[in-house]
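So the chains spell out like this:
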Amino acid sequence: MIQPVRMNNIKILDNEILHFQKNTISYLLSLEPKKFLYEFDKISGIDPGDVTGYAGWERSDKVNFRGHFFGHYVLALSQAILMVDDKVVREKLVSKLEDSVNGLYDAQTNYAKLHPESAGYVSAFKEIALDEVEGKNIADEDKENVLVPWYDLHKILAGLLATYTNLKEQLPEISSKALTIAKRFGEYVYNRLIQLTYSDYMLKIEYGGMNDALYQLFEITLNAHFLTAAEYFDEVTLFESLAENKDILSGKHANTTIPKLIGALHRYVIFTDQELQNKFLDTKQQTKLMMYYQAAKNFWDIVVNNHTYINGDNSQEEHFREPSALYHDAEELDGGQTCETCNAYNMLKLTRLLFTISGDKKYLDYYEKTYINTILASQNPETGMMTYFQPMAAGYTKVYNRPFTEFWCCTGTGIENFTKLSDSCYFKKNDQLYVNLYFSNELQITENNLVIKLRGNKQRNQFDLTVSKLDSHKPANPIQLYLRKPNWAGSDSALLHNGQKLESSVNTDGFWQISDLAPGDEVKINFAMNLNVVNAPDNKKYVALQYGPYVLAGRANSKIEQQNLDHPGGVLVRMAIRDDTFPRTITSEVDFSSWQRQVENEAQIDFASDNLIKVTLPHIAEDYDFIPYYQVYKSRYGVYFEWQKAGSREAKRRRMKLEQARVIKENTIADLINFDNNNAEFTYQLVKDNSEVGDHWGHTYRMAHKNGSFGYIFDLQGKEDSNLELSFLLNNEDAGKQLKFRVNDNPADDKILSVSSDETVDEVGFYTKKFHINPKEPQLKLDFLSDGQDSPRIFEIKIMRK
Ligand SMILES: [Zn+2]
């Protein structure tokens, strides 16, 4: 089988990718293992001392996923240690990993002393959470509020196994300790599951990659208990439907489903070893093995062909929807919730494994697409924080996690992503070397005594590949080079091997093949990039653009204010809110096919931009600039736009809607819509006393407690004589509450803002209340004063021209 080249043999030389990696390593170093271990200690009877635990998904008081992030953390540390050259940073990472593994070891050991019947259990929550997902009745007061306990435990097991496999040579002591914990835990899982009379119940609740991790534990140890335990988590009926090539995905939770197939494929891979197959599987099981591979293969095709956006990711509101309904999902459902980033992480794991079995280039093409346009796209390069959803429709921003108070699933897979950026860059089978990803890096192949250096320009996709000896005193063994010819590469792509053109040698599998590549050889790679219009399967005029490997995002150049607002949903998740004034269209004077030709032939590509590239489209009514989607982080953008012909009925309807939103915006002199106790409010010189902020249904608010107050000063310079309107956004849940407000320190004009239950409200209770004002001064000072009770919440203050 083909094997991925291990990351510690690859040195990343691309500055942008190194920057992403550095951000995540800083984030790892800012986190404290002790704080993650707090809940583990409590469960296992160890006094955590004066340590407190983390909040967000790691909390214990409300619905939570506690323990999950710690598993990702351990895994990411084990990868980061492989990737980092800096000795000081590496030592810090090692020390964090040691604290983590030792902490888990102690928790597990202590738990076994207190509960010998459950020896091996290592967790941030009580075992009762597992009873619950096995279908046992648990009294409300005994519940742990852990939504998906096996999912959380899988992360811990995966972290331990990664520590063992990544670091068994470099850090033998800590990695063997990690394996010990994993083995003890595997025995606990085995002992628990064999007592189950009905095991299907627990398969209904998300369990991450429990089958995959237990197969891996079996592969390492060849202990049959772990094989049995893994099989309990195989959802064979699901695999059978997929093996029959049925698209049964609609309505399924995407990130629950993808790892199941990784596990299925792992089973197949282990037993490609005939000896193991004969030893551990009966004849019936042996016959059925192919079904697991077929299921994973079909699943991949179904997801990639029928459920995947141009960036390589899938899902709406975390779920697969109807096949090929991408336009519908992004536009008619909540477009702020397309493309959960975890799904791409798991799809890439599946893809990598499928390539190692089949050698099929289509998997690598998908890998590159998703690596650039979902994974690299998920990090804010300034803060290092990462996305949950990635909106594909126009008018949204990316929303990033907060570092210490959220700990989403996608932040967990995110820290894994950014500590394995050279993974799957190269693959090897004996002396055959496959090049998958093209960015500057250096690869050492010890067994052939070779160094392969890839340097160049990813902006233009031109690279030089040079070969030298690793140890100049020893002979080197030549390799057979297989360079992936990307599916986006234009027909005038060319390859020179020691000055000789190699155009004809692209073999039928889509790889450029060079035999006997030896020290001193040089290969010049030039992939021709084209601009392509890609459309959604359910609406061919719902279009996105791709230049070479880069999916483009359009930013509106018109002076549209950026509001990075988000609204809460699910458990402590935040989603982007669409700005209705952001144009969602591409309007052209010509018909669709002529426009498509114009784009492909006449678009301007600017290589001197601050971004990798900037693309300007010819002959369109809107003012956009397009940059690589992965580089967008501060602006509102669109990946997909609704194409329309100027003057058409749809164009008129859409323009009217946009015009209404624009008029409101234009007549707004000042507004405060983000009560953040931070920049947004202090812009208006916030003063406050006994007052607080919060959020509700996508809006932030400020309120004052009993006898509290708050106030702002708005600048009206030049507009003070206008006939103005002051409007407040309120919510009818506050009915009966009231608040006094005063304009420019003039108590004679005090007004009462009261919330009544008789107002016409939107579906979640919001309505606007307006007051006429006629200020004579260049500044509008507004003070809010509560009386003997808590005030209503104010969600928006706007000063508008009448
Ligand atoms: Zn996620």
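Just so we're clear, the structure is a prediction, and the values are computed from it rather than from any experiment.

Visitor: Tell me what's going on with the coordination of the zinc ion, and back it up with residues and numbers.
Guide: Around the zinc ion, the protein contributes the donor atoms Glu340 (OE), Cys342 (SG), Cys409 (SG) and Cys410 (SG), at 2.1 to 2.3 Å from the metal centre. Seen from the zinc ion, its four donor atoms lie at angles of 97 to 121 degrees, and the figure they make is tetrahedral.

Visitor: Summarise helix α10 (residues 224-232); cite the residues concerned and give the values.
Guide: Restricting attention to buried positions, one finds in α10 the residues Phe226, Leu227, Ala229 and Ala230. All buried residues of α10 project into a common sector of 165 degrees when viewed along the axis, lining one side. Summarising the contacts, the buried residues of α10 are in contact with α7 (172-193), α9 (210-221), α12 (254-270) and α13 (274-280).

Visitor: Can you lay out helix α16 (residues 341-358) for me, pointing to particular residues and giving the numbers?
Guide: Along an α-helix, residues three or four positions apart point the same way, because every turn accommodates 3.6 residues. Here α16 spans 26 Å end to end across 18 residues, near enough to the 26 Å set by a 1.5 Å rise per residue. For α16, the buried fraction is high: 14 of the 18 residues fall into the buried class. Once α16 ends, the next one or two residues include glycine 359, with phi positive near 70 degrees.

Visitor: Help me get a handle on the nonpolar core, residues and values and all.
Guide: Note on soluble globular proteins: their nonpolar side chains tend to be buried together. Membership of the largest hydrophobic core comes to 221 residues, with the highest contact counts inside it found for Trp150, Leu483 and Leu617. For this core, the leading source of residues is helix α14 (residues 283-306), giving 11 residues. With residues near it in sequence (within four places) discarded, leucine 617 still touches Leu531, Leu545, Ile586, Trp595, Val599, Ala603 and Phe626. Within the second largest apolar cluster, 29 residues are counted, among which are Ala670, Phe675, Leu686 and Phe771.

Visitor: Can you break down the packing of aromatic side chains residue by residue, with the values?
Guide: As enumerated under the stated definition, the model contains 60 aromatic pairs in all. With 5.7 Å between their ring centres and 45 degrees between their planes, phenylalanine 20 and phenylalanine 418 make a pair best called tilted. With phenylalanine 20 in helix α1 (residues 15-30) and phenylalanine 418 in the loop between α18 (409-417) and β3 (426-429), the pair connects residues that are 398 residues apart, well separated along the chain. Each member of the pair, phenylalanine 20 together with phenylalanine 418, is buried. Relative to phenylalanine 527, the ring of tyrosine 438 lies with its centre 4.8 Å away and its plane at 75 degrees, an arrangement referred to as edge-to-face. Remark: phenylalanine 527 occurs in the loop between β12 (522-526) and β13 (531-536) and tyrosine 438 occurs in the loop between β4 (432-435) and β5 (441-445); sequence separation between them is 89 residues. Here tyrosine 438 and phenylalanine 527 have matching classes, each one buried. Clustering of aromatic rings is evident, with ring pairs tying together Phe675, Tyr684, Phe710, Tyr712, Phe714, Phe728, Phe741, Phe771 and Phe784. For arginine 267, the ring lying beneath its charged end belongs to tyrosine 292, and the centroid distance is 4.9 Å.

Visitor: Account for the domain arrangement of the protein, naming residues and giving values.
Guide: A common way to state how big an interface is: give the accessible area lost once the parts meet. As assigned here, the protein comprises domain 1 (31-233), domain 2 (439-485 + 491-526), domain 3 (536-657) and domain 4 (669-801). Listed as interface residues are four residues of domain 2 and, on the opposing side, six residues of domain 3. When domain 2 packs against domain 3, close to 490 Å² is buried across both sides, 49% of that on carbon and sulfur atoms. Linking domain 2 with domain 3 are zero salt bridges, by the criterion used here. For the interface between domain 2 and domain 3, the tally reads three residue pairs in polar contact (both at pLDDT 80 or more). Grouping the amino acids of the side of domain 2 that touches domain 3 by side-chain chemistry returns no nonpolar, two polar and two charged.

Rules of the game
Residues numbered from 1 in each chain as written. Predicted model: local features only at pLDDT ≥ 70, side-chain atom pairs only at ≥ 80, totals over all residues. Heavy atoms only, no water. Donors = N, O, S within 2.8 Å, 3.2 Å for Na, K, Ca; no water. Tetrahedral: all angles 85-135°; square planar, octahedral: opposite > 155°, others 65-115°. Buried < 20%, exposed > 50% of the residue type's maximum accessible area, 1.4 Å probe, protein only. Helix = DSSP H or I, 4+ residues; strand = E, 2+ residues; numbered from the N terminus. Arc of directions from axis to C-beta. Contact = heavy atoms within 4.5 Å. Expected span 1.5 Å × (residues − 1). Core = buried A, V, L, I, M, F, W, Y, C linked by side-chain atoms within 4.5 Å. Phe/Tyr/Trp six-rings, centres within 6.5 Å; stacked < 30°, edge-to-face > 60°. Lys NZ or Arg CZ within 6 Å of the ring centre and 35° of its normal. Domains from an automatic or database assignment. Buried area = accessible area lost by both parts, 1.4 Å probe. Salt bridge = Lys/Arg side-chain N within 4 Å of Asp/Glu carboxyl O. Polar contact = N/O pair within 3.5 Å; in protein donor to acceptor, adjacent residues only side chain to side chain. Nonpolar A, V, L, I, M, F, W, Y, C, P; charged D, E, K, R; others polar.

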